[in-house]
Amino acid sequence: MNFVSTMPNQPTQTYDAKHAKALLEDLLPERLVARNHPDVRGVHTHARDEILVPGVHTLGVLGGDQIARYFLMAAKQRGFRTVCWSELEAVPANGICDVFIHAPYSDEAALQQFIDEVDGVTIEYESVPLELVLELEDADLRVRPGSKGLAIAQDRALERLFFVSEHIPVAPHLILHNKHDISLAMEALGDVPCVLKASRFNRDGRNQHQVIFSSQCYMPHLSIRANIMLAVKVKV
């Protein structure tokens with residue numbers, strides 16, 4: 001069963017696919033909701049929709065590690081011109097693409113160069129700044145996955161809501177608004193092992209702890225700093 005704390009320090013309520021989409025819209029960044037996306041899969045309504053043609057169009061990737069390298073190799077095999085923008089210079093993708101941009105993602109000159117060079121964009125990791133993808137979409141570039149999909153991938157609470165809305169099975173969990181709501185997890189999930197994690201910035205095990213709520217949830221070492229957290233029941 002999936003639970004959400006609708007307001008801080010308020011009783012939990014269960015949610016299912018019927019309610020998950022509404023909850024998803026409530027928790028999404030306001031700017032994304034205002035953009036009038038047709039669905040949660042990140043398709044931007046103003047992006048160009050023509051077919052990208054090898055030898056005519058240029059594909060860009062944000063990120064320069066191994067996944068970007070594989071993408072660039074496949075794109076080159078199909079005849080596409082390619083551009084890679086990475087904040088690091090010594091990365092696997094450097095040397096594979098036609099144009100390599102080494103600059104912070106906040107660099108305005110690099111942003112304009114990237115916009116001028118490419119016709120379509122993809123993203124290597126969900127750690128790419130959401131604001132950057134929004135700016136690329138505002139420039140009428142096709143970005144896949146788009147800003148809404150990226151926002152969901154960056155936030156574990158949004159990600160769970162999306163999975164539930166699409167009838168994808170997930171472990172029992174509770175979306176918490178702050179650490180004062182941890183006691184709600186004890187009532188909703190029971191005296192069982194759980195993982196307590198921040199909804200953001202918890203990649204590779206960071207900013208999360210395995211706990212048994214009745215005995216550990218108030219211990220000082222639980223120093224998660226976040227406005228929204230996720231308590232996930234561990235399968236035993």
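Coordinates for the structure precede this section.
In this text the structure is predicted, and so the values were computed from the model without any measurement.

## Re the overall build of the protein
So, point 1. The helix and strand tally for the protein stands at 9 helices and 11 strands.
So, point 2. The burial tally for the protein puts 46% of its 236 residues in the buried class.
So, point 3. Per element, the accessible surface of the protein, about 12,200 Å² overall, is 53% carbon and sulfur.

## As for the sheet that holds strand β7 (residues 142–143)
So, point 1. On the basis of which strands lie adjacent, the open sheet formed by 5 strands has the order β5-β4-β3-β6-β7 and parallel pairing. The two strands at the open ends of the sheet, each matched to only one other strand, are β5 (99–102) and β7.
So, point 2. In this structure, strand β4 (residues 81–86) lies alongside β5, joined through 4 bridges in parallel fashion. Looking at the pairing, Ser86 lines up with His102 of β5.
So, point 3. In the packing of helix α4 (residues 108–117) onto the sheet, contacts are made with β3 (58–62), β4, β5 and β6 (120–123), and the angle to β4 comes to roughly 160 degrees.

## Describing the pattern of salt bridges
So, point 1. Evaluation of the coordinates by the stated rule reveals 4 salt bridges.
So, point 2. Residue Glu126 is joined to Arg156 by a salt bridge in which the shortest nitrogen-to-oxygen separation is 3.8 Å. Taken together, the residues span a long stretch of sequence, with Glu126 in the loop between β6 and α5 (130–138) and Arg156 in helix α7 (residues 156–165) at a distance of 30 residues.
So, point 3. Its relative accessible area of 25% is what places Glu126 among the partly exposed residues.

## So, the pairing of strand β9 (residues 193–198)
So, point 1. Within β9, 5 of the 6 residues are buried, which leaves the element mostly enclosed by the surrounding structure.
So, point 2. Where β9 and strand β11 (residues 229–233) come together, 5 bridges link them in antiparallel fashion. Its bridge partner being in β11, Leu196 is matched across the sheet by Ala231.

## Observations regarding the side chain of His57
So, point 1. Summarising the element assignment, His57 is placed in the loop between α2 (30–34) and β3.
So, point 2. Under the relative-accessibility criterion, His57 is labelled buried at 13%.
So, point 3. From its side chain, His57 meets the backbone nitrogen of Val53 in a polar contact 2.8 Å long.
So, point 4. Discounting chain neighbours no more than four positions away, the residues touching His57 are Glu50, Ile51, Leu52, Phe80, Arg81 and Asp119.

## Section: α4
An α-helical turn contains 3.6 residues, so any two residues separated by three or four positions project in the same direction.
So, point 1. Within the sequence span of α4, burial applies to Ala110, Leu111, Phe114 and Ile115. On an axial view of α4, the arc spanned by its buried residues comes to 135 degrees, and they lie on one face. Summarising the geometry of α4, the exposed residues directed more than 90 degrees from the buried face are Glu108, Ala109 and Asp116.
So, point 2. Structurally, α4 contributes buried residues whose contacts are with β3, β4, β5, β6 and α5.
So, point 3. In this structure Asp107 caps α4, since a side-chain oxygen of it lies 2.9 Å from the backbone nitrogen of Ala109.

## Focus on the side chain of Thr82
So, point 1. Here Thr82 shows up in strand β4.
So, point 2. Since its relative accessible area comes to 0%, Thr82 is described here as buried.

## Section: the packing of α4 against α5
So, point 1. At a minimum axis distance of 11 Å, the contact between α4 and α5 shows a crossing angle of 45 degrees. One way to sum up the angle between α4 and α5 is to call them oblique. Two packed elements cross with a definite hand, and for α4 against α5 that hand is right-handed. Contacts from Glu108, Leu111, Phe114 and Ile115 of α4 reach α5 at Leu132, Glu135 and Leu136.
So, point 2. When grouped by side-chain class, the residues that make up the contact of α4 with α5 number 5 nonpolar, no polar and 2 charged.

## A short note on helix α8 (residues 182–189)
So, point 1. Taken together, the buried positions of α8 are Ile182, Leu184, Ala185 and Leu189. Looking straight down α8, one finds its buried side chains confined to an arc of 140 degrees; they lie on one side.
So, point 2. With its phi angle positive at about 90 degrees, Gly190 sits one or two positions after the end of α8.

Here is what the cut-offs are and how they apply
- Residues numbered from 1 in each chain as written.
- Predicted model: local features only at pLDDT ≥ 70, side-chain atom pairs only at ≥ 80, totals over all residues.
- Heavy atoms only, no water.
- Helix = DSSP H or I, 4+ residues; strand = E, 2+ residues; numbered from the N terminus.
- Buried < 20%, exposed > 50% of the residue type's maximum accessible area, 1.4 Å probe, protein only.
- Areas by Shrake-Rupley, 256 points an atom, 1.4 Å probe, with all protein chains shown as cover.
- Pairing = 2+ DSSP bridges.
- Contact = heavy atoms within 4.5 Å.
- Axes fitted to C-alpha atoms, helices over the stretch in contact; angles between N-to-C directions.
- Salt bridge = Lys/Arg side-chain N within 4 Å of Asp/Glu carboxyl O.
- Polar contact = N/O pair within 3.5 Å; in protein donor to acceptor, adjacent residues only side chain to side chain.
- Arc of directions from axis to C-beta.
- Parallel < 35°, antiparallel > 145°, perpendicular 65-115°, else oblique.
- Left-handed = near helix turned anticlockwise from the far one by under 90°.
- Nonpolar A, V, L, I, M, F, W, Y, C, P; charged D, E, K, R; others polar.

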